[in-house]
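Coordinate inspection notes
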Amino acid sequence: MKILFYDTKPYDKESFERVAQNYPDISIEYLNTDISARTVALACGYDAVCVFVASDVNADVIKALSNCNVRLILLRCAGFNNVDMNAAQKYGVTVMRVPGYSPEAVAEHALALAFAVNRHIHKAYIKVRENNFSLMGLTGFNFNGKTAGIIGTGKIGAAMCRFCHGIGMKVIAYDKYPNPSLDFIEYVSLDELFARSDLISLHCPLMEDTYHIIDLAAIEKMKDNVILVNTSRGALISTEDLIKGIRMHKFAGVGLDVYEEEQENVFENREDDILETSVTSRLLSFPNVIVTSHQGFLTHEALEAISQTTIENAISFEKGEPIEQNLVN
Ligand code: NAI
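Okay, so let's go over this structure. Since this is a predicted model, take the numbers as computed values, not measurements. Chains are numbered independently. Their residues run from 1 in the order of the written sequence. Selection of residues for local features in this predicted model requires a pLDDT of at least 70, selection of side-chain atom pairs for listing and counting requires 80 or more, and totals for whole chains, interfaces and linings are taken over all residues. Each side-chain value is worked out from all heavy atoms of the structure, with water and hydrogens disregarded.

1. Considering the pattern of salt bridges
Just so we agree on the cut-off: The salt bridge definition used is simple: a Lys or Arg side-chain nitrogen within 4 Å of an Asp or Glu carboxyl oxygen. Helix and strand definitions here come from DSSP, where helices need a minimum of 4 consecutive H or I residues and strands a minimum of 2 consecutive E residues; each element is numbered from the N-terminal end. Burial here depends on accessible area, computed with a 1.4 Å probe over protein chains only, as a share of the maximum for the residue type. Under 20% is buried, over 50% is exposed, and the range in between is partly exposed.
Applying the stated rule across the entire model yields 16 salt bridges. In this structure, D12 engages R76 in a salt bridge whose closest nitrogen and oxygen atoms are separated by 3.8 Å. One end of the pair, D12, is in helix α1 (residues 10–20); the other, R76, is in the loop between β4 (72–75) and α3 (85–90), with 64 residues separating them in the sequence. With a relative accessible area of 8%, D12 lands in the buried category.

Now the structure itself:
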């Protein structure tokens, strides 16, 4: 099976090459460019394309893939909101994904963001490098004994619940479908979670009913000096409302691995660009906000698991027995 790999980063190539060497029937060609209406023609002659979370796999792209006889889109990620599934259905292109690769990788990053904003690690790092050993402005609070509110207790949320429990927090959660394995947590309504939590971490998917689940009304229900962390999807939070909340001094800290405007930025070096939209820049101007660029998944273990499952997806498709739970359509 010949796979064309779009938007390759060195760490992708390294982990896929390592796994692919055990599968002689798979050959992968790596492109730096992402898939688009202009670059999709390069996929002619391949059996499958492999794309990532920020690739815009729209109806035109899918139609062009189908015209080239490419029958399989391999998503090397869990989310598939970047793929036009109606078009995939219409043109008979199969979409496969990696539903869970390392929930702990993402939950550890969520916890890292919570610790970092709480103890001002981002400021302390800069200050000490400038020989400023003053502790002014660096006071945090103990997480131990406080309450963590976890929204969405699937694979990643459950790992986050365990971590927060492990550092001595009381863990409360909101999910439409409670997870019975988490017997140490208390499920509450969303409003109660907002009112009681010292740390709120988002782990539900982006859907119609979770779009802007954190808006001004939600922020107003939160405790003062709450810490808010989002490693799930940017549009769970209304950025404009978040900025209002930050200006109201609602938050001790905000840690974001995902944010609404990330599509253009994600995984790109734009240090010489003048960013045309100001929402992200405004967010970055606040001293109690840390933004990372969708790196929750980025551990060696997660990359290895992504490569392994993606290649197994390709092989199972080729055999005519696609792995059921990894099929999107
Ligand atoms: P999952 O499917 O295992 O869990 C999602 C949970 O959210 C489920 O328990 C579900 O019942 C719950 N849920 C659904 N609708 C809800 C609602 N309206 N309110 C509250 N809870 C609701 O998914 P998993 O693997 O835990 O991933 C969670 C999210 O993490 C993904 O949707 C994805 O957006 C994000 N993610 C981020 C990564 C990163 O690098 N920052 C990497 C991987 C995933």
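2. Details of the packing of α1 against helix α12 (residues 300–318)
Using the following cut-off: A fitted line through C-alpha atoms serves as each axis, taken over the contacting stretch for helices, and the angle formed by two N-to-C directions is quoted from 0 to 180°. In this scheme, roughly parallel covers angles under 35 degrees and roughly antiparallel covers those over 145, while 65 to 115 is roughly perpendicular and the rest are oblique. Handedness of a crossing follows from how the near helix is turned relative to the far one, being left-handed for an anticlockwise turn of less than a right angle and right-handed for a clockwise one. The criterion used for residue contact is that any of the two residues' heavy atoms lie within 4.5 Å. For this classification, the nonpolar set comprises Ala, Val, Leu, Ile, Met, Phe, Trp, Tyr, Cys and Pro, the charged set comprises Asp, Glu, Lys and Arg, and every other residue, Gly included, is treated as polar.
α12 packs onto α1 with a crossing angle of 55° between their chain directions and a minimal axis gap of 9 Å. Taken together, the axes of α1 and α12 lie oblique to each other. In the packing of α1 onto α12, the handedness of the crossing is right-handed. Only L303, E304, I306, S307, Q308, T310 and I311 of α12 make contact with α1, whose side of the interface consists of Y11, S15, F16, R18, V19 and A20. Looking at the contact of α1 with α12, its residues break down into 7 nonpolar, 4 polar and 2 charged.

3. A closer look at unusual backbone geometry
What you tend to see is this: most non-glycine residues have negative phi, and most peptide bonds are trans. In this model, H249 sits at a positive phi of 65°, which is unusual for a non-glycine residue. As for its placement among the helices and strands, H249 is situated in the loop between α9 (239–247) and β11 (251–256). What makes H249 exposed here is its relative accessible area of 64%. With a phi angle near 55°, H294 is a residue other than glycine that sits in the positive phi range. Here H294 lies in the loop between β12 (289–291) and α12.

4. Let's talk about the pairing of strand β3 (residues 48–51)
Applicable threshold: When DSSP finds two or more bridges between two strands, those strands count as paired. Classification remark: right-handed applies to a crossover when, strands pointing away from the viewer, the course from the first strand over the helix to the second runs clockwise.
Of the two faces of β3, the one carrying A48 and C50 and the one carrying V49 and V51 are both buried. Pairing of strand β1 (residues 2–5) with β3 involves 3 bridges; the strand directions are parallel. If you follow F5 over to β3, its bridge partner there is C50. Summarising the sheet, β3 and β4 pair through 4 bridges and their orientation is parallel. Bridging across to β4, A48 finds its partner in L72. With helix α2 (residues 59–67) bridging β3 and its parallel neighbour β4, the resulting β-α-β unit is right-handed.

5. What about the state of the cysteines?
Threshold: Cysteine sulfur atoms are paired as a disulfide whenever they fall within 2.5 Å.
Applying the stated criterion to the full structure yields 1 disulfide. Summary of cysteine pairing: C50 is not part of a disulfide, and the nearest cysteine sulfur, belonging to C77, is at 8.7 Å. Left without a disulfide partner, C164 is nearest to the cysteine sulfur of C161, which lies 7.0 Å away.

6. A short note on the nonpolar core
Which entries qualify depends on this criterion: By nonpolar core is meant a set of buried Ala, Val, Leu, Ile, Met, Phe, Trp, Tyr and Cys residues that side-chain atoms within 4.5 Å join together.
Among the nonpolar cores identified, the biggest contains 47 residues, and I3, I28, I35, V49, L65 and I73 are the most heavily contacted of them. Discounting chain neighbours no more than four positions away, the residues touching V49 are I3, L4, Y6, I35, A43, L65, V70, L72, I73 and L74.

7. What to know about the site of the ligand
Heads up, the rule is: Working definition: residue near molecule or strand if any one of its non-hydrogen atoms lies within 4 Å of it. Within 3.5 Å is the distance limit for a polar contact, defined as a pair of N or O atoms, with the added protein rule that one can donate a hydrogen and the other accept it, and that residues adjacent in sequence qualify only through two side-chain atoms. We get accessible surface area from the Shrake-Rupley algorithm with a probe of 1.4 Å; when it comes to residues, only the shown protein chains can shield them. Only protein atoms enter the 1 Å grid, on which a cavity is a set of points fitting a 1.4 Å probe that cannot get out and a pocket is an open set with protein on both sides within 12 Å along at least 5 of 7 lines, lining residues being those with an atom within 4 Å of a point. Criterion for pocket placement: a molecule counts as inside a cavity or pocket if more than half of its atoms are within 2 Å of its grid points.
Within the structure, the ligand sits among 24 residues, and K155, I156, D175, T231 and D257 are positioned closest to it. A distance of 3.1 Å is found between an oxygen atom of the ligand and a backbone nitrogen or oxygen belonging to S232. For the ligand, whose free accessible area comes to 870 Å², the fraction covered by protein is 86%. Mapping the ligand onto the cavity grids shows that it belongs to the largest pocket. Partitioning the shell around the ligand into residue classes produces 9 nonpolar, 9 polar and 6 charged.

8. Description of the pairing of strand β9 (residues 199–202)
Across the two faces of β9 the burial is the same, with L199 and S201 and I200 and L202 all buried. Here 4 bridges tie β9 to strand β10 (residues 226–230), and the two strands are oriented parallel to one another. Paired with S201 across the two strands is V229, which belongs to β10. At this point the chain moves from β9, through helix α8 (residues 216–221), to the parallel β10, and the crossover so formed is right-handed.

9. Remarks on the layout of surface pockets
Spelled out, the test is: Grid points are joined across faces, edges and corners, and a volume is the space filled by probe spheres set on the points.
For the largest pocket, the calculated volume is near 1100 Å³. H203, C204, P205, L206 and S232 are the residues nearest the centre of the largest pocket, which is lined by 42 residues in total. For the lining of the largest pocket, the elements supplying multiple residues, two or more each, are α4 (103–118) and α6 (155–166). If one sorts the elements of the lining of the largest pocket by residue count, α6 sits on top with 3 residues. Here the second largest pocket is characterised by a volume of approximately 280 Å³.

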